[in-house]
Amino acid sequence: MPGCPLQPRPCSRHQRHRPGHPAATPEAMRPPPAAGARGVWCLVLLALAGDAAWPPCRVDADNGTGLCKGQDLLRVPRGLPSSLRSLDLSYNKLREITAGDFAGMTRLRHLDLGYNNISRVAPDAFLSNLLLEHLRLFNNSLESIPAPALRPLVNLRRLDMSNNLYRSAALDGVFGRLRRLQELSLGGPLLREISRRDFAALKDTALQKFAIKSASSLQRYEAGAFSWLNTTELWCDMALDKSAAALPVMLRDLRGKPLDYLRFRNLFEFTYYAGDADPFAGLAELQITKLVFYRGKFNENLLRLALLNVQRSRVRDLALVAIDFARSPWRNSSDVGVAAPRLDRLLLQDISNPDVLRFDWTFTWLSGVAALSIVNVNFNYVPCDAWGEMRNVEALDISSNRLEDGYIYNQRCDYRGVMPKLESFVLATNQLRSLAVVAALTRTWPRLARLDASHNGLGSLQETCQWTPTLRWLALRHNRVTVGTFGCLPTTLEYLDLSYSQLDRLDMDYFTRSPRLRELRLSGNKIKFIPSEWTCPRLEVLAIDGNSFGVINHGSFVNMPQLVSLAAGNNPYHCTCDLYLFLEETRRRGRPTLADWPRNWTCYHPEPLLDTAVAAYAPRPLECNVPALVAVAVASTAVAVAACAVLCWKLDAGWYLRATYRLVRAKYGARRTGTARRCSYHAFISYSRADAGWVRQELLRRLESTTPPYRLCIHERDFTPGRWIIDNIVENIERSAKVIFVLSRSFVDSEWCNYELYFAHQRAVGLGSEDVILVVKEPIDARGLPRRFARLRKMLGTKTYLEWPREPGRRPFFWLQLRSLLGSPGGLGPGAGEEETAVDATT
């Protein structure tokens, strides 16, 4: 049906059950008016679908888990796989667990039914779940402990039934048979009395943890109730505002028990203790070593009584967490001087009133503590005498407070000789600005090795610092570090953390002055490049992920020979050969190990590879292989040279080179002698020796006998004796208006004819191809010409030529065409003979 969701909307909040405020009343479960009709139709459709409808759960068949959390389910879904080992049905609206809800789930080991409205569990509800080890029924509406339903669960190890509505915590004999039970939680807001035999069924059960919750004010505790317990941890969530005298009775019942951990929640929930009796009497007779007070009201009197008893006890770990401390208005300083208990650890956390630190007007109670944690206690000032009282502290944590530079370090205080045993100091999450102040405070502490000043505003000032020479470990995460901050850092460090501190540049000189540095963390900064000269000879671990550099290569870390672990993901990488070769070299050597590979290693450049995983970047085989690329280039060059040599041989390149040389030599000689080019002939005739008769009998006779005659140049008659043939050819071609080639098979076989053709073609490049006249005396196959006659082939294919006709009747037309190509026989300068005579006369 449109608008009907496949999975109901999860609950947004759940209220703790209180008397008079049941968690599952009809009014509480009624949907809003606007969604009522649609919700009813959805439920009707699901009901009609029956077991065929897949339950609104996420099932992982491989791991055997089912998650049905927060689906507003009114009953256990049908059709769940029988192979489930873990099933979470918490934060729903289940009212009842019936016999068939988990039938067939024989492998079920973990079942969470917390935060529902279950008021009844059928006696045979878990009959099929014999392997069940963890059952959680926390925060439901059970009005009695469902002992019959628990009878088959002999393998049960953890059972949480607290925060329900039953009024009695009496355990049935069924619990005596749950011998594997390790953790048990009972009680609820309606439990006002604890009777002597309520826990008798547990006398032979060795528990690791037992938790009991009562109403806001326990009315009666019967002596001996806790004497049945054999547990190492006891969690008591019970307020004794009206029955403080019950506390010493409880403590006496725990004598001789293997109890090691004792935790009280809301011991005095509504009122500050004002009695004269000692509510902690008997604590010294217990074997507990750790004592926790969570929430509840404390004044200086109650705290003093607790410390006096702790001092006499075996307690070595004391925690005061989220307590509500306030001084009594009628108390004065006459009761000062409480002895300091010897504690391995003292934790003061989430306390809004910092007066708890000197509740008796001194800090004496801190003098016997080895590890002191003052976390989120809202104090902003450390008096001078406080440092002296902490003389036995080896580890001090004062994080998450409001300490500023001028209040943690007072120049009027004498810090010499204080904190002689301190090795670890945590100043994180305060309001510090000056590294020099931190250095001055700790300079005289002779054993300080670890300092954590993360989450402050340190590093932005240009300062000079003097540190204790024993400092080996420094964390400055989430500060305001600049390149100038390196001048204020100690050079004795083995570990340095500057992550997430807005650092954009490194000071290379600092690393050369810090020879002991083994681990460096620079994650989440703005570093734009990795210098190739970065030298850190002992560095083993480097984290530079989450910065702004895009290039790393083999040379980036070559001066870090001990580097074994590198985290460098989440940077805008340029996926080039430098990065590829670095990764290949890293894989080949097996070091450094890329701690965050391949996640967050992404290409940013070039654009076609944007958002591509670096692991998927694979350049072409020769693109990044320099030796192979050089080898291929050399081989390719050799092949190309050889190919060119063969091609030149095939195409008679030697002949062309010789011809060009002779042409240049001839032209250069002409320029050197000062001879100017002029047309002395109408045409230069190029022909082979075999065609000389035809030239003299036909060509010369016909053209030189006209009136006026054509002046023609032939080598037999007109070449100057004693001169180089090439010089004669070049000079006479240059002095001729036209060049006539008499083509025949003999012409093709003549080398001199080829020279003349070549020189004529060179002239045609500059003066125009119309100066060349082709006369085909005999038919020639252009395709059969030698390669050196490439120009002739081209001319025959692109230029109109004259063909000597065999038939005498067609020859007049041939001569007419030839004379038209030669032009008018006039227009030349002085004749060649006249020119020579003139030259002779001048000499």
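Residues numbered from 1 in each chain as written. Predicted model: local features only at pLDDT ≥ 70, side-chain atom pairs only at ≥ 80, totals over all residues. Heavy atoms only, no water.

1. Structural notes on the side chain of S424
How we decide: Elements are defined by DSSP. Helices are runs of H or I of four residues or more, strands are runs of E of two residues or more, and each kind is numbered from the N terminus. Relative accessibility under 20% of the residue-type maximum defines a buried residue, over 50% an exposed one, and the middle range a partly exposed one, all with a 1.4 Å probe and only protein chains included.
Here S424 lies in strand 22 (residues 424-426). S424 sits in the buried class, given a relative accessible area of 19%.

2. As for the state of the cysteines
Worth spelling out the cut-off: Criterion for a disulfide: a pair of cysteine sulfur atoms at a distance within 2.5 Å.
Counted under the stated rule, the structure contains 4 disulfides. A disulfide bridge connects C384 with C413, and the sulfur atoms are separated by 1.7 Å. The sign of the -65° torsion about the S-S bond sets the C384-C413 disulfide as left-handed. Placement of C384 in helix 6 (residues 384-389) and of C413 in the loop between helix 7 (405-408) and strand 22 is noted, with a sequence separation of 29 residues between them. Taking relative accessible area as the criterion, C413 reaches 11% and is therefore assigned buried. Linked covalently through their sulfurs, C465 and C488 form a disulfide whose S-S length is 1.5 Å. Here C465, found in the loop between strand 23 (450-452) and strand 24 (473-475), pairs with C488, found in the loop between strand 24 and strand 25 (495-497); they are 23 residues apart in sequence, far enough to count as distant. Neither C465 nor C488 differs from the other in exposure class; each is buried.

3. Side note on the packing of helix 13 (residues 692-704) against helix 19 (residues 811-822)
Heads up, the rule is: For every element, the axis is a line fit to its C-alpha atoms; helices are fit only across the contacting stretch, and the angle between N-to-C directions ranges from 0 to 180 degrees. Note on convention: the crossing is left-handed when the near helix lies turned anticlockwise from the far helix by less than a right angle, right-handed when the turn is clockwise. Any two residues whose heavy atoms approach within 4.5 Å are treated as being in contact. The classification used treats Ala, Val, Leu, Ile, Met, Phe, Trp, Tyr, Cys and Pro as nonpolar, Asp, Glu, Lys and Arg as charged, and all other residues, Gly among them, as polar.
Closest axis-to-axis distance for the helix 13/helix 19 pair is 12 Å, and the angle between their directions is 60°. Remark: the crossing between helix 13 and helix 19 carries right-handed chirality. Where helix 13 approaches helix 19, its residues E698, L699, R702 and L703 are matched on the opposing element by W815, L818, R819 and L822. Of the residues belonging to the contact of helix 13 with helix 19, the class tally is 5 nonpolar, no polar and 3 charged.

4. Side note on the packing of aromatic side chains
What counts here: Aromatic pairs are defined between Phe, Tyr and Trp rings, using the six-membered ring for Trp, whenever the two ring centres lie within 6.5 Å; interplanar angles under 30 degrees are classed as stacked, those over 60 as edge-to-face, and all others as tilted. By definition, being over a ring means that NZ of Lys or CZ of Arg is both within 6 Å of the ring centre and within 35 degrees of the ring normal.
All chains considered together, the criterion is met by 33 aromatic pairs. Considering the side-chain rings of W473 and Y495, the 4.6 Å spacing of their centres and the 5° angle between planes classify their relative orientation as stacked. Here Y495 lies in strand 25 and W473 lies in strand 24, a separation of 22 residues in the sequence. Accessibility expressed as a relative area gives 18% for W473, which makes it buried. One cation-aromatic arrangement involves R327 over W361; the distance from NZ or CZ to the ring centre is 3.8 Å.

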